[in-house]
Amino acid sequence: KKKNNIAVNKKQKAYSSKKNSMRFLSVLAALAAAKSHNSILTVLVLTISTFVTAAADCSSNFCESVLKDGFLTLRYKLNEPDDTITMEVTYEGDAWVGLAFSDASESMGGSIAVMASSEVRPQKYQLIAPTFPVESAFELMPPEEQTLVDASCELIDGQTVLKFTTQLLADETPFAISLGENHLLWAYGRSPTIGYHSNRSPFTLNLAKAIDDSDVETPGTVIPTASPADGEMKVGDDICITGYIMDSYCIDLGHFLDNDDTVTLREPEEHSFHCLLDVPVCYNSGFNVLGEKDAQTGLHCLGYRIDDTEAVLAAGRAAGSNVQSDTHYTCDTCSGGASDAVAGYRATVKGTVKEMGDGTKSVTGQPLLSNIQMLDASVVCESPAPQTVCLSMDDVEQAAAQVPVSEPEPVEETEPVEETEEPEPEPCSLDFCVELSVSYLLAYTVNGDGTITMELTYDGNGWVGIGFSENGMMVGSDAVIGSTDVGIPQKYRLTALSVDTDTAIQLMSPEEQTLTDATVEFKDGQTVMKFTKIMKEPNQIEISMGNNIMLGAYGARPTIGLHARKMGFAINLSSGAAEEKAIPFMSAWLAHGIIAFIAWGVLVPTAVQSAIMRSLFKGPLWFKLHQNINATAMALTVVVFAIGVAVTSKEGAVHFENSHERMGLAMFIIATLQVLDGAKRPHAPGSGEEKTLSRKAWEIGHRLGGVTLLACGFWQMDSGIKLYAIKFNGAGSSQENSVILGYWVWIGFVVAMLVIGGVYFKLLRSEMKSVDQNDDGSKEEQVNTTAHISREVDEEADA
């Protein structure tokens with residue numbers, strides 16, 4: 001301790017000596033400058049300005065830094081007399097905040113942090129590792145190490161303000177706060193309860209600059225607010241920036257190509273590696289590294305363009321996972337494993353400004369970086385990159401309206417403007433082209449010999465297919481399907497709606513395989529299938545020169561199986577006109593699901609609850625409710641079952657082929673037996689009588705049957721939501737996830753009410769039975785009255 005105190009005193013003296021020396025040298029510089037100008041006024045002005053600058057240092061006033069994402073502000077002040085530093089962190093919201101003192105890496109393990117919220121007082125913690133549960137990620141330091149002074153955390157005008165004073169050069173090995181460069185981490189959560197962070201990032205803070213009076217820039221600044229328009233950045237400058245990597249196509253589109261419900265600049269962490277690195281229309285548009293999120297708009301700033309596409313592809317594909325995910329499309333070109341990311345590619349990019357951009361509020365208006373180095377996001381930039389243009393939602397929507405075709409903005413004729421030719425769209429490979437989706441293109445030519453040549457291009461590596469239908473339904477249609485796994489394209493009959501490929505499609509006989517020039521290949525990130533087919537063939541659906549109904553589909557992998565997306569469309573081959581055709585029976589299946597939810601998610605739990613809480617009702621009222629509600633639920637179950645059977649028959653699918661359909665059949669049978677069992681139950685015992693063995697067995701069986709049906713119903717509805725999403729192209733979408741989340745929140749509430757009600761009323765009945773018998777025999781009278789009511793209920797139910 002003595003050695004440490006001596007070191008602190010030496011450092012403090014050196015600190016004070018440096019400040020005084022700098023001020024003295026500044027005065028001498030001012031005098032020298034004044035002498036050269038031969039002006040007493042200059043002496044006064046320069047000398048005064050020197051001391052004004054000195055007064056702005058971080059030992060006299062608080063210095064302020066806006067941390068990376070704009071939601072946090074750090075203020076700090078060096079206290080000379082006692083060699084301490086006062087720090088104040090302000091978060092725009094009500095949540096826990098933390099500031100950690102780390103080594104030169106981004107790793108939190110081993111760091112010392114100060115964390116607090118409006119509900120938790122500031123204390124020091126030892127950070128262990130980013131792990132679950134979050135309680136294992138850090139531990140409170142012992143009382144003798146809780147050395148913070150004047151520590152507080154308050155919620156003021158909607159802001160969480162953490163403030164504390166701590167010792168400089170405190171012996172908190174391995175990380176001490178020094179007068180040089182310090183490596184820190186900031187973080188904040190979603191609520192005042194300290195838990196897993198909502199966002200975090202490393203930054204550096206150089207306290208040596210904070211006492212250097214000759215540094216006229218704002219000391220300790222973490223990110224500057226300069227923009228290219230301020231002239232603080234020029235061609236040739238070296239730039240280092242850490243941010244999300246995004247393709248220009250998805251930025252201009254306004255949303256992700258593979259998830260049109262997510263705004264690109266709002267949630268770049270949800271951008272799949274598949275969309276970024278597998279799809280040619282995306283990676284051929286060029287890459288950008290985004291800036292931090294603008295606190296006012298909630299959108300990330302545009303950042304910088306990257307002129308080395310191959311470098312981004314190589315680094316991104318090495319970082320991304322190629323293992324199938326439940327939340328995002330799989331990146332087929334990535335080489336990472338299950339522990340690697342499937343979305344939100346974030347990296348540190350170093351480069352040199354090659355050009356400043358065209359000055360517009362768009363991707364092309366941002367600086368272009370060359371000499372690119374793609375580094376891991378954990379690499380911390382020595383100095384922050386200047387901020388670029390931040391858009392509003394109006395800007396994003398206006399840009400999206402211009403995709404894929406944009407009109408040039410009018411140019412004022414103040415001076416001659418060099419005309420530039422707009423890039424022409426890629427020519428259609430055949431006579432006509434039809435865009436079936438943003439990643440699926442059909443091209444065709446009708447030949448003079450009664451044949452048609454078709455080419456299907458999918459932006460990805462998967463199986464592709466086109467079907468020829470009479471009514472827009474899959475079952476009963478003919479199709480040509482190809483993939484690089486199978487080899488040459490072949491003709492199939494679509495026989496059933498089934499997850500089993502062997503059941504769903506049937507290969508036509510060898511004599512019916514009349515395709516010519518049939519090929520399928522994966523090239524430049526695209527799967528291309530091409531073939532020539534006879535338009536009119538025996539026992540096959542005819543392709544006419546007029547209107548035709550066709551089906552398009554593709555899978556996410558080369559193995560032929562369940563489609564990733566399908567679409568129906570009507571096309572006139574003579575004119576090339578095509579329009580999307582609605583998928584049949586979508587409304588019928590939606591009604592099937594809604595009615596099932598009303599029956600088994602609302603009515604049946606209510607009926608069970610009426611039986612559990614029978615003590616709240618007078619006489620037989622509870623039984624009437626239980627009986628009538630269950631009867632209504634059973635009637636709706638019959639309707640649900642009938643819709644399912646009827647629509648499946650119209651679709652030509654196999655009945656009771658998957659687990660959802662088989663569970664539905666089992667529930668229908670058990671529910672019917674449950675209703676009949678309730679109607680034919682044994683009589684309740686009369687006054688003074690004991691329950692018969694058959695009555696006891698019936699009660700046990702009836703309750704078990706009800707609980708089993710309710711549990712099966714909960715599973716069945718969840719299964720139905722997922723099947724509906726798969727059937728109508730919503731699998732993995734935010735809509736599906738939202739519906740499933742809302743559904744299970746409701747079911748959780750229902751189950752909680754059933755359990756709480758059951759426990760409460762069971763305890764209530766036990767308490768009533770345990771009442772001591774009075775001298776006048778009141779207990780016997782109560783038992784007789786209960787039996788009498790039970791008998792009345794039973795007799796009325798029989799009636």
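Scroll up to find the structure this text is about.
It should be emphasised that the depicted structure is a prediction, and the values quoted were computed from it without experimental measurement.

Asker: So what exactly am I meant to see when it comes to the overall build of the protein here?
Answerer: Regarding its fold elements, the protein presents 15 helices and 30 strands. When burial is assessed residue by residue, the protein has 42% of its 799 residues classed as buried. Within the protein, contacts between residues at least 6 apart in sequence are counted, and of these 60% link residues at least 24 apart. By element, 56% of the accessible surface of the protein is carried by carbon and sulfur atoms, the whole surface being about 41,800 Å².

Asker: Can you walk me through helix 7 (residues 309-319) in this structure?
Answerer: Counting along an α-helix, one turn takes 3.6 residues, and residues three or four places apart therefore face a common direction. The set of residues buried in helix 7 consists of Val312, Leu313 and Gly316. For helix 7, the angular spread of buried residues about the axis comes to 100 degrees, placing them on one side. Along helix 7, exposed side chains directed more than 90 degrees from the buried face belong to Glu310 and Ala314. Against strand 12 (238-247), helix 5 (273-277), helix 6 (280-283), strand 15 (287-289), strand 16 (304-306) and strand 18 (368-376) lie the buried residues of helix 7.

Asker: Which parts of the structure should I look at to understand the sheet that holds strand 5 (residues 112-116)?
Answerer: Consider a sheet: its strands pair through backbone hydrogen bonds, and that pairing is either parallel or antiparallel. Here we have six strands laid out as an open sheet, ordered 7-6-5-4-10-11, and antiparallel in their pairing. Single-partner strands in this sheet number two, and they are strand 7 (138-140) and strand 11 (199-206). Each strand of the sheet is rotated relative to its neighbour by a mean of 30 degrees, with strand direction disregarded. Two elements, strand 4 (residues 97-102) and strand 10 (residues 181-188), share six bridges in a ladder whose sense is antiparallel. The residue of strand 10 that forms the bridge with Leu99 is Trp186.

Asker: Hey, could you run me through the pairing of strand 27 (residues 526-534) in this one?
Answerer: It is a general feature of regular strands that their side chains alternate between the two faces of the sheet. With eight bridges connecting them, strand 21 (residues 451-458) and strand 27 associate as antiparallel partners. If you follow Leu456 over to strand 27, its bridge partner there is Met529. In the sheet, strand 26 (residues 516-523) pairs with strand 27 via six bridges, with the strands oriented antiparallel. If you follow Val520 over to strand 27, its bridge partner there is Met529. What sits between the antiparallel neighbours strand 26 and strand 27 is a turn of two residues, in which Asp524 has the positive phi angle 55 degrees.

Asker: Before we go on, may I ask you to explain the packing of aromatic side chains in this structure?
Answerer: We describe a pair of aromatic rings using the distance from one ring centre to the other and the angle between the two ring planes. Going through the model one piece at a time under the given rule, you end up with 13 aromatic pairs. Residues Phe641 and Phe668 carry aromatic rings whose centres are separated by 4.2 Å and whose planes lie at 10 degrees to one another, so their mutual orientation is stacked. Placement of the pair is Phe641 in helix 11 (residues 621-651) and Phe668 in helix 12 (residues 659-679), with a sequence separation of 27 residues. Here the basic side chain of Arg614 rests over the ring of Trp622, its NZ or CZ set 4.1 Å away from the ring centre.

Asker: I keep staring at the environment of Asn447 and nothing clicks. Help me out?
Answerer: Along the chain, Asn447 turns up in the loop between strand 20 (440-446) and strand 21. Taking relative accessible area as the criterion, Asn447 reaches 24% and is therefore assigned partly exposed. Not counting chain neighbours up to four residues away, the residues in contact with Asn447 comprise Ile452, Thr453 and Thr532. Of the polar contacts made by the side chain of Asn447, one reaches the side chain of Thr453; its length is 3.0 Å.

Asker: I'm lost on the side chain of His592 in this one. Help?
Answerer: Mapped onto the elements of the fold, His592 is located in helix 10 (residues 586-612). Overall, His592 belongs to the buried group, its relative accessible area being 16%. A polar contact is formed between the side chain of His592 and the backbone oxygen of Val640, at a distance of 3.1 Å. Discounting chain neighbours no more than four positions away, the residues touching His592 are Val640, Ile643, Gly644 and His660.

Asker: In this structure, what is going on with the environment of Asn322? I would like to understand it.
Answerer: Structurally, Asn322 can be placed in the loop between helix 7 and strand 17 (346-355). Here Asn322 falls in the partly exposed class, since its relative accessible area comes to 33%. A sequence separation of 14 residues divides Asn322 from Gly336, and the C-alpha atoms of the two residues are 5.8 Å apart. If we skip the residues at most four places from it in the chain, Asn322 touches Thr330, Cys331, Cys334, Ser335, Gly336 and Arg557. Polar side-chain contacts of Asn322 include one of 3.4 Å to the backbone oxygen of Cys334.

Asker: Before we go on, may I ask you to explain the packing of helix 10 against helix 11 in this structure?
Answerer: If you want to describe how two helices pack, look at the angle between their axes and the distance between the axes. Across the interface, helix 10 lies against helix 11 with an axial gap of 8 Å and an inter-helix angle of 160 degrees. Taken as axis vectors, helix 10 and helix 11 run roughly antiparallel relative to one another. Relative to helix 11, the crossing made by helix 10 is left-handed. Its residues assigned to classes, the contact of helix 10 with helix 11 shows 21 nonpolar, nine polar and one charged.

Scoring rules and cut-offs
Residues numbered from 1 in each chain as written. Predicted model: local features only at pLDDT ≥ 70, side-chain atom pairs only at ≥ 80, totals over all residues. Heavy atoms only, no water. Helix = DSSP H or I, 4+ residues; strand = E, 2+ residues; numbered from the N terminus. Buried < 20%, exposed > 50% of the residue type's maximum accessible area, 1.4 Å probe, protein only. Contact = heavy atoms within 4.5 Å. Areas by Shrake-Rupley, 256 points an atom, 1.4 Å probe, with all protein chains shown as cover. Arc of directions from axis to C-beta. Pairing = 2+ DSSP bridges. Axes fitted to C-alpha atoms, helices over the stretch in contact; angles between N-to-C directions. Phe/Tyr/Trp six-rings, centres within 6.5 Å; stacked < 30°, edge-to-face > 60°. Lys NZ or Arg CZ within 6 Å of the ring centre and 35° of its normal. Polar contact = N/O pair within 3.5 Å; in protein donor to acceptor, adjacent residues only side chain to side chain. Parallel < 35°, antiparallel > 145°, perpendicular 65-115°, else oblique. Left-handed = near helix turned anticlockwise from the far one by under 90°. Nonpolar A, V, L, I, M, F, W, Y, C, P; charged D, E, K, R; others polar.

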